[in-house]
Amino acid sequence: MKGSANGMRALRGGASRYSIFALARNALSYHENWQKAWRSPEPKPEYDVIIVGGGGHGLATAYYLASVHGVRNIAVVEKGWIGGGNTGRNTTIIRSNYLWDESAGIYEHALKLWEGMSQELNFNVMFSQRGVLTLAHSEHELKEMRRRVEAIRLNGIDSEVMSPAQIKQLVPIIDTNPGIRYPVMGGFIQRRGGTARHDAVAWGYARAADDLGVDIIQNCEVTGILRDGGKVTGIETSRGTIKAKKVGVVTAGHSGVVASMAGLNLPIDSRPLQALVSEPIKPCIDTVVMSNAVHMYISQSDKGELVFGAGVDSYNSYSQRGSIPTVESLLAAAVELYPIVSRLRVLRTWGGIVDTCPDASPIISKTPVDGLYFNCGWGTGGFKATPGSGHVFADLIARDEPNAIAAPFSLKRFETGYLIDEHGAAGVAH
Ligand code: FAD
Ligand code: PYC
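Since the structure is predicted, the reported quantities are computational estimates derived from the model, not experimental observations. (Residues numbered from 1 in each chain as written. Chains lettered and ligands numbered in written order. Predicted model: local features only at pLDDT ≥ 70, side-chain atom pairs only at ≥ 80, totals over all residues. Heavy atoms only, no water.)

**Student:** Where do I start with the pattern of salt bridges in this structure?
**Tutor:** Evaluated as defined, the whole model comprises 19 salt bridges. Residue Arg-181 is joined to Glu-336 by a salt bridge in which the shortest nitrogen-to-oxygen separation is 3.2 Å. Of this pair, Arg-181 sits in the loop between helix H6 (164-170) and strand S5 (186-190) while Glu-336 sits in helix H9 (residues 324-337); the two residues are 155 residues apart in sequence, bridging distant segments of the chain. Given a relative accessible area of 54%, Arg-181 falls into the exposed group. When its relative accessible area of 21% is taken as the criterion, Glu-336 is described as partly exposed. (Salt bridge = Lys/Arg side-chain N within 4 Å of Asp/Glu carboxyl O. Helix = DSSP H or I, 4+ residues; strand = E, 2+ residues; numbered from the N terminus. Buried < 20%, exposed > 50% of the residue type's maximum accessible area, 1.4 Å probe, protein only.)

Below, the structure is given as structure tokens:
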């Protein structure tokens with residue numbers, strides 16, 4: 001990624017005088033003499049903390065370690081380019097309307113941080129609180145939703161039931177005809193939910209972390225975790241050995257692979273999750289609508305593309321693309337609920353690999369190896385958690401103790417049986 005402080009200033013909030021001239025100058029400059037937004041340092045022989053994985057969660061962790069805990073000697077080691085994993089592949093839905101108190105704790109913590117993120121990072125992440133609506137397609141689903149809405153509100157989180165008529169008013173392109181195969185019986189909305197620009201989140205955290213001295217090392221694959229008895233001592237990489245006092249692993253999609261390098265076996269399955277976009281059209285839907293019964297959701301990007309996603313593919317795989325039947329059933333559901341999309345062309349499809357836990361909740365945890373920590377298992381829904389996850393993971397690494405928000409997500413829950421079953425709130429099935 002060739003970053004540019006000048007070009008990226010245009011993305012920062014409140015820089016109108018600067019950005020008009022900077023945009024014009026940069027548009028004509030063929031990217032020459034652009035300043036890098038973060039350095040590309042050679043790895044040092046040793047760090048206090050190494051974060052493995054340069055997605056949003058890893059970069060946020062490094063940023064908060066430096067900004068909140070004053071740790072200065074930090075590296076983020078990324079095998080490809082920052083944001084090139086699920087951070088740059090996801091459909092950017094942000095919400096905090098989960099069922100259990102533990103989940104409300106972490107996702108609402110994240111949502112509050114989203115609300116101030118552009119200001120905190122001085123980088124416009126285009127957080128748009130356009131609302132996230134989830135549809136009910138049967139009486140039973142609607143009853144369950146009503147109960148869920150009450151549980152969510154008890155945690156102080158906004159959530160409202162909507163009637164088919166209210167839904168039609170909010171989303172005019174939806175077909176609310178009761179005769180369709182999956183009729184819209186109602187739904188519930190979190191109005192503070194929405195979307196953000198995924199790349200900007202990675203770039204914003206990267207630039208802010210780099211400003212605080214964090215070394216961001218791309219094209220550096222971790223191939224081994226070094227330990228001395230029960231203690232971590234560093235990592236083996238495609239660019240040599242790097243020593244570290246502490247190592248935090250945030251490698252969504254490959255958490256099981258990296259854990260096995262330390263002799264650990266995580267309760268995780270890795271599966272493809274797909275999404276696709278249509279050709280761009282004029283604005284026609286200004287909220288996010290999810291339909292878990294038919295495994296399909298829709299929003300519209302600022303470019304005008306309709307963004308569609310599905311549930312996970314039904315087999316485990318490390319391939320960053322998925323199967324045709326998933327796309328087929330997603331499009332069948334889309335055409336039925338939003339008839340106007342039948343005339344659109346699909347512009348591109350892609351996939352990412354998501355790590356899923358048996359209870360559809362993440363792992364934020366110490367491990368049996370001293371100084372080695374894992375943050376993973378966010379499944380289909382970790383983008384929304386990015387700032388909160390980084391914030392609490394940094395705290396865990398700095399203090400070697402989980403705080404109250406992180407503690408329920410420890411690996412210990414798979415021994416005690418204190419699982420946090422969020423399959424119903426996972427947004428898309430996994
Ligand atoms: P990543 O961004 O994947 O970062 C992990 C990094 O680790 C990668 O860059 C990878 O290259 C690196 N890595 C892996 N192995 C190594 C190694 N050996 N050495 C060094 N680096 C390594 N979530 C939502 O909340 N809302 C959504 O709408 C949503 N939609 C989604 C749609 C799709 C199609 C997909 C695939 C996911 C979606 N998600 C969504 C889930 C979300 O994308 C992820 O949970 C989240 O982005 C994970 O962030 P991360 O930083 O942990 O992972
Ligand atoms: O977790 O809300 C979510 C989500 C939507 C699409 C993919 N994940």
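**Student:** Help me understand the packing of helix H3 (residues 56-67) against helix H10 (residues 386-399), please; the structure alone is not making it clear to me.
**Tutor:** Helix-helix packing is described using two parameters, namely the angle between the two axes and the distance between the axes. Packing of H3 against H10 brings their axes to within 7 Å, and their N-to-C directions diverge by 50°. On the basis of their axis angle, the class for H3 and H10 is oblique. Crossing of H3 over H10 shows right-handed handedness. Counting all contacts with H3, which are made through Gly-56, His-57, Ala-60, Thr-61, Tyr-64 and Leu-65, the residues of H10 involved are Thr-386, Pro-387, Ser-389, Gly-390, His-391, Phe-393, Ala-394, Ile-397 and Ala-398. Classifying every residue of the contact of H3 with H10 gives eight nonpolar, seven polar and no charged. (Axes fitted to C-alpha atoms, helices over the stretch in contact; angles between N-to-C directions. Parallel < 35°, antiparallel > 145°, perpendicular 65-115°, else oblique. Left-handed = near helix turned anticlockwise from the far one by under 90°. Contact = heavy atoms within 4.5 Å. Nonpolar A, V, L, I, M, F, W, Y, C, P; charged D, E, K, R; others polar.)

**Student:** Where do I start with the pairing of strand S10 (residues 269-278) in this structure?
**Tutor:** A regular strand places its side chains so that they alternate between the two faces of the sheet. The buried fraction of S10 amounts to nine of the ten residues, a majority that puts the element mostly inside the structure. Note that S10 and strand S14 (residues 346-356) share ten bridges and pair antiparallel. Bridge assignment links Asp-269 to a residue of S14, and that residue is Thr-356. In terms of strand pairing, S10 meets strand S13 (residues 306-312) through four bridges, oriented antiparallel. By the bridge assignment, Val-277 is partnered in S13 with Val-307. (Pairing = 2+ DSSP bridges.)

**Student:** Honestly, the sheet that holds strand S11 (residues 288-291) in this entry has me stumped. Any pointers?
**Tutor:** Whenever strands of a sheet pair, they do so through backbone hydrogen bonds, lying parallel or antiparallel. The strand order across the open sheet formed by eight strands is S4-S5-S3-S11-S12-S13-S10-S14, and the pairing between neighbours is mixed. Looking at which strands have only one partner, the edges of the open sheet turn out to be strand S4 (160-162) and S14. Across this sheet, the average inter-strand angle for adjacent strands is 20°, counted without regard to direction. Where helix H5 (residues 139-154) meets the sheet, its contacts fall on strand S3 (132-136), S4 and S5, and the angle it forms with S5 comes to roughly 20°. On top of the sheet, H9 reaches S3, S10, S11, strand S12 (296-300), S13 and S14; it is set at about 125° to S13, its chief contact.

**Student:** I'm lost on the site of ligand 1 in this one. Help?
**Tutor:** Around ligand 1, 37 residues are found, and the nearest of them are Glu-78, Asn-86, Thr-87, Thr-91 and Lys-384. At 3.1 Å from a nitrogen atom of ligand 1 is found a main-chain nitrogen or oxygen belonging to Lys-79. Lys-384 has a polar backbone atom sitting 2.8 Å from an oxygen atom of ligand 1. Contact with the protein chains removes 96% of the 1,000 Å² of surface that ligand 1 exposes when unbound. Mapped by element, the contributors of at least two residues to the shell around ligand 1 are H3 and S10. The element that contributes the greatest number of residues to the shell around ligand 1 is S10, accounting for three residues. A breakdown of the residues in the shell around ligand 1 according to their chemical character gives 13 nonpolar, 19 polar and five charged. (Near = heavy atom within 4 Å. Polar contact = N/O pair within 3.5 Å; in protein donor to acceptor, adjacent residues only side chain to side chain. Areas by Shrake-Rupley, 256 points an atom, 1.4 Å probe, with all protein chains shown as cover.)

**Student:** Which parts of the structure should I look at to understand the packing of helix H4 (residues 101-121) against H10?
**Tutor:** H10 packs onto H4 with a crossing angle of 110° between their chain directions and a minimal axis gap of 6 Å. Put simply, H4 runs roughly perpendicular to H10. Each of Ile-106, His-109, Ala-110, Leu-113, Trp-114 and Met-117 in H4 lies in contact with H10, whose residues at this interface are Thr-386, Pro-387, Gly-388, Ser-389, His-391 and Val-392.

**Student:** Help me out: how do you make sense of the packing of aromatic side chains in this one?
**Tutor:** Here a ring pair, both rings aromatic, is described through the centre-centre distance and the interplanar angle of the planes. Counting across every chain of the model gives seven aromatic pairs. When the centroid spacing of 6.0 Å and the interplanar angle of 85° are considered together, the rings of Tyr-107 and Trp-378 count as edge-to-face. Of this pair, Tyr-107 sits in helix H4 while Trp-378 is found in the loop between strand S16 (372-376) and H10, placing the two residues 271 residues apart along the sequence. With relative accessibility at 4%, the residue Tyr-107 sits in the buried group. Taken together, the ring pairs connect Tyr-63, Tyr-64 and Tyr-205 into an aromatic cluster. (Phe/Tyr/Trp six-rings, centres within 6.5 Å; stacked < 30°, edge-to-face > 60°.)

**Student:** Looking at this structure, I do not really get the side chain of Asp-215. What am I missing?
**Tutor:** By the element assignment, Asp-215 lies in strand S6 (residues 215-217). Residue classification places Asp-215 among the buried residues on the basis of a relative accessible area of 4%. Excluding anything up to four places from it in sequence, Asp-215 contacts Arg-39, Pro-41, Glu-42, Lys-44, Tyr-47, Ile-74, Ala-75 and Val-76.

**Student:** Teacher, can you tell me more about the pairing of S11 here?
**Tutor:** The side-chain alternation of S11 yields two buried faces, one formed by Val-288 and Met-290 and the other by Val-289 and Ser-291. Note: S3 against S11, three bridges, orientation parallel. Across the sheet, the residue bridging to Leu-133 is Val-289, located in S11. One ladder, built from three bridges, connects S11 with S12; its direction is antiparallel. When the bridges of S12 are listed, Val-289 appears paired with Ile-298. The antiparallel hairpin formed by S11 and S12 contains four residues in its connecting segment, where His-295 sits at a positive phi of about 55°.

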